[in-house]
Amino acid sequence: MEETEKIQRPPNQEFDYLKIGKIFLSRWYWIAACVIICYVIASVYLWYTPKTYATQATMKLEEKKSEISDLLGALNSSEKNQSTVQSETFILQSRSLILSAFKDLDYPISFYIEGRVRVSPKDLYPQRPIDIKVVGLDSQNYYRDFIALTPINARSFYLTYKVNGLDVKKTFLYNNPINIGSTTFIINNANGPNRGPVYLFRFNNLDNFVNRIRGGLSISEVTKNSNIISLRETDANPQFAADALNALMNEYELYNRIQKQQSASQIISFIDTQLDTIAAKVKQSEIAIEDYKKNSKLMDVSSATQIQITKAAELEAQRNLLKIQLKSIDDFKQEVVKSKESVSLNFNFDNDQAQTTMITRFNTLLANKYALLKEFTSNAPQIQEIDRQIAREKNYILDNIVQLQQHIVQKIADIENQLSQVNQRLAYLPVAERELVSLNRDFDINEKVYTFLSEKKLDAQISRSAIAPGAVIVEQAQANFNPVSPDENSIRRTAIILGFIIGLGTIILTRALNPYIYDKETIESLTTIPIIGVIRKFPHKMDENSNDILVLSQPKSIFAESVRSVRTNLNFLASEKESKVICITSEVAGEGKSFVAINLSSTLSLIDKKIILIAADLRRSRLHKTFHVPNDKGLSNFLAHQASMDDIILHTNQDNFDFIPSGPIPPNPSELLHTDRMKLLIDTLRLKYDIIMIDTAPIGLVSDSIPLIRMSDINVFVIRAGKSKTHSAGIPQRIDQEYHLNNSVIILNAFEENLLHSRYYTSKFAGENYGSRYYYYSDYVGYESSGYYIDSDKKNWWNFRRWFK
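Residues numbered from 1 in each chain as written. Predicted model: local features only at pLDDT ≥ 70, side-chain atom pairs only at ≥ 80, totals over all residues. Heavy atoms only, no water.

### Comments concerning unusual backbone geometry
Stated precisely, the cut-off is as follows: Here a strand is any run of E in DSSP of at least two residues, a helix any run of H or I of at least four, and the numbering for each starts at the N terminus. Exposure classes here rest on a 1.4 Å probe applied to the protein chains alone. A residue is buried below 20% of its type maximum, exposed above 50%, and partly exposed in between.
Residues Y125 and P126 are joined by a peptide bond in cis, for which omega reads 10 degrees. By the secondary structure assignment, P126 is in the loop between β4 (122-123) and β5 (131-136). That bond from S485 to P486 is cis: its omega, -5 degrees, falls within 30 degrees of zero. Along the polypeptide, P486 turns up in the loop between β14 (471-475) and α13 (488-513). For H740, which is not glycine, the phi dihedral falls at a positive 55 degrees. Structurally, the position occupied by H740 is in the loop between α24 (731-739) and β22 (744-751). Owing to a relative accessible area of 72%, H740 belongs among the exposed residues under this scheme.

As structure tokens, then:
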């Protein structure tokens, strides 16, 4: 039992890293082809894909301050309002600002040149190759599609355009009005070219250009929490991207300056109103004090009383300033409710940046609405949508204003509470002194407020006369002619890597989908039946019937040596038998069992072994054609009692080598092979021959060979490289188990090195666990040029086929 376990154990297979490298190198041209194909596809993609360019600029946002905020700084000097990057980004991306910037470009007509290979025409901005003068154009209903101009001569040209989806081609004269739909224009020709490229042009749609600029615009902080922003514009035309970005920044500076001037003017107007009221009160207080002093003959008050008067004056001043703030808030609220073209934030919101952002968005939405009203009616969906956005922002602002008003009212109440306590102390003064204190207090309060307002008015006037924008362009945009998309280097690099991966994947997939056996390692991994040899593929083209015994025609070839190696191992099988019966079969036809039988029989006869070859495939034998003999009498006649044994044995031209043809095809071949006459034939031939070689029918197709297998001493199962499928390697082992045999061996036929489909394991026969059923054999790989073999197909260095195995 222990010996049986040793015999049945398969050889150890070790992972061969060098072989894996050889497998991939064997199809290096697959990988190279995939890399080249991917590279060509990438180049075509880069050629047809429009390039995108990017340009950058930098702006510094100055701190935004309101003069009313400075006015109220007497209450809280730390309350300041600084615009955020978010609010300024909203303004820079607003439709009204972009529309104004595009108008600054003065580019009402876009020009293109028709591409010969690329599908999309090339934008020629800022060039204007055609002098076009617009005579009449309806901003709502004008021709928006491409118009192609083809010069004919110095006086005329063709225009090609679409009408209702159909191409229209007409001839026109230079310097004459042209009507296309509701659009009228004149094409001037100063130089009068007779021929030239086909130019395309179209009248620009403002909405399309606004979306073009807005779609490519991105804004970000240079560093976090800084007031320096980076603006980036991407476009298919690098010059347009730079000009559009510069125009946008210039327009933003102008917008910011106008907003500051408007704010300063409103501040001056507000202060003037307050000064008129306060001036009258100061004059009245001054007259009242003078009259009271004359009548009461009271010149001054005590120092203690003066302290209380000063404190009361300060509280009164704070209350009056809060009331001014409250009034300005009411004015602002009314301005928001009326929803004019814009609203101004002229007071402090306790550093509420959220409120500042809301007001900025509100002003931008108002500007966008009035810009849209120039193109759409008030009932248009675009206007209705922006009205809903304005209403939503207005509600947010009004809610915030209500909260601020409540906060100021509460502050006024607190001051009045403190003021009442001071007034109670002053009530204990003598009547004459108390009345003078009251008059002085009113005068001081009004005088302080008047002085403060006068100073702020002067500051506002100075500021308005020397106003500076709230943003500074640090770096202008410059046209960058290096495309950012598609990234040529990255795409080409990716194509090469992808081609390499696809090439490797193709090799792996081809191996994975391969159902055939190509080498001995595959057989050794699938079965424990030993291999007694590998017969190399015959180097020449063979005829259909193998009319030559090839081992004799090329005795010094690798093929002949591989057959002799199998012969040597066969001699060690069933060595105790004086006469051996060798049955040769395979799974299906075409795997070379007859070819192996003929050449093995021939080599065995050369070592003084008396051989007889029996064509036992009674259905489809062709052995008689190899020996150029008729097949009218043979094994089938003998089994059917139609001929004697001597009648069917034929002698060949080779000594010690006889042959029995199959004979005519019988109606019952399987039954004939099961008869006792077949056993009688074998027993009789044992007495005359050293080896009886039987060529049987394929065991995978018919059962004719089963009785012959059971009576044979050695059963040889032929597997053909590249022809036999992997499941065929398990057939001899199943036969051994089913019929309790232990005499099956395998021959790998027609082997030639094919690294692509070779197994990446190497068999190792070592140790005491490997029994005597394993035999030494070689596949002769790498020995072709050793000098021991003579083949007519020597592979010279210029024979590149040797690289493709």
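Having seen the model, we can carry on.
### Remarks on helix α6 (residues 95-105)
A turn of α-helix holds 3.6 residues, and therefore any two residues three or four places apart point the same way. By the criterion of burial, α6 is predominantly enclosed, with 8 of the 11 residues buried. Burial in α6 covers these residues: R95, S96, L97, I98, L99, A101, F102 and L105. Among the residues trailing α6, D106 stands out with phi positive, at a value near 55 degrees.

### Description of the sheet that holds strand β12 (residues 217-221)
Basically, it comes down to this: Strand pairing is assigned whenever DSSP detects at least two bridges linking the two strands. Each axis is a line fitted through C-alpha atoms, taken for helices only over the stretch in contact, and angles between the N-to-C directions span 0 to 180 degrees.
Strand order in the open sheet formed by 4 strands is β12-β13-β2-β14, and the pairing between neighbours is antiparallel. Of all the strands in the sheet, just β12 and β14 have a single pairing partner and so form its edges. Across the sheet, the axes of successive neighbouring strands diverge by a mean angle of 30 degrees, strand direction being ignored. Relative to β14, strand β2 (residues 53-61) is paired through 4 bridges, and the arrangement is antiparallel.

### Concerning the sheet that holds strand β6 (residues 147-151)
The strand order across the open sheet formed by 6 strands is β4-β3-β11-β6-β7-β8, and the pairing between neighbours is antiparallel. In this open sheet, the two strands that pair with only one neighbour each are β4 and β8 (166-173).

### What about the side chain of E521?
Basically, it comes down to this: The term polar contact refers here to a pair of N or O atoms within 3.5 Å; inside protein, the definition further demands a hydrogen-donor-capable atom paired with an acceptor-capable atom, and it admits residues adjacent in sequence only when both atoms are side-chain atoms.
Turning to its location among the elements, E521 is positioned in helix α14 (residues 520-526). Residue classification places E521 among the buried residues on the basis of a relative accessible area of 7%. Side chain to side chain, E521 and K520 meet in a polar contact 2.7 Å long.

### A few points about the nonpolar core
For the record, the criterion: In this text, buried Ala, Val, Leu, Ile, Met, Phe, Trp, Tyr and Cys residues form a nonpolar core when linked through side-chain atoms within 4.5 Å. Note on definitions: a residue-residue contact is assigned when non-hydrogen atoms from the two residues lie within 4.5 Å.
Formed by 52 residues in total, the largest nonpolar core has its most connected members in I147, L159, F185, I187 and F201. Looking at this core element by element, the count peaks at 8 residues for helix α8 (residues 238-296). Excluding residues that lie within four positions of it along the chain, I187 makes contacts with I130, D131, I132, L149, F157, L159, Y174, N175, N176, I178 and F201. Judged by nonpolar contacts, the second largest core, of 42 residues, contains V534, C583, A643 and I682.

### Describing the pattern of salt bridges
Selection rule: The working definition used for a salt bridge is a side-chain nitrogen of Lys or Arg within 4 Å of a carboxyl oxygen of Asp or Glu.
Summed over the entire model, instances satisfying the criterion amount to 15 salt bridges. The closest approach of N and O atoms between K19 and E521, which form a salt bridge, is 3.9 Å. Taken together, the positions of K19 in helix α2 (residues 17-26) and E521 in helix α14 put the pair 502 residues apart, joining distant regions of the chain. Each member of the pair, K19 as well as E521, carries the same accessibility label: buried. One salt-bridge network, in which partners are shared between bridges, spans K19, K520 and E521.

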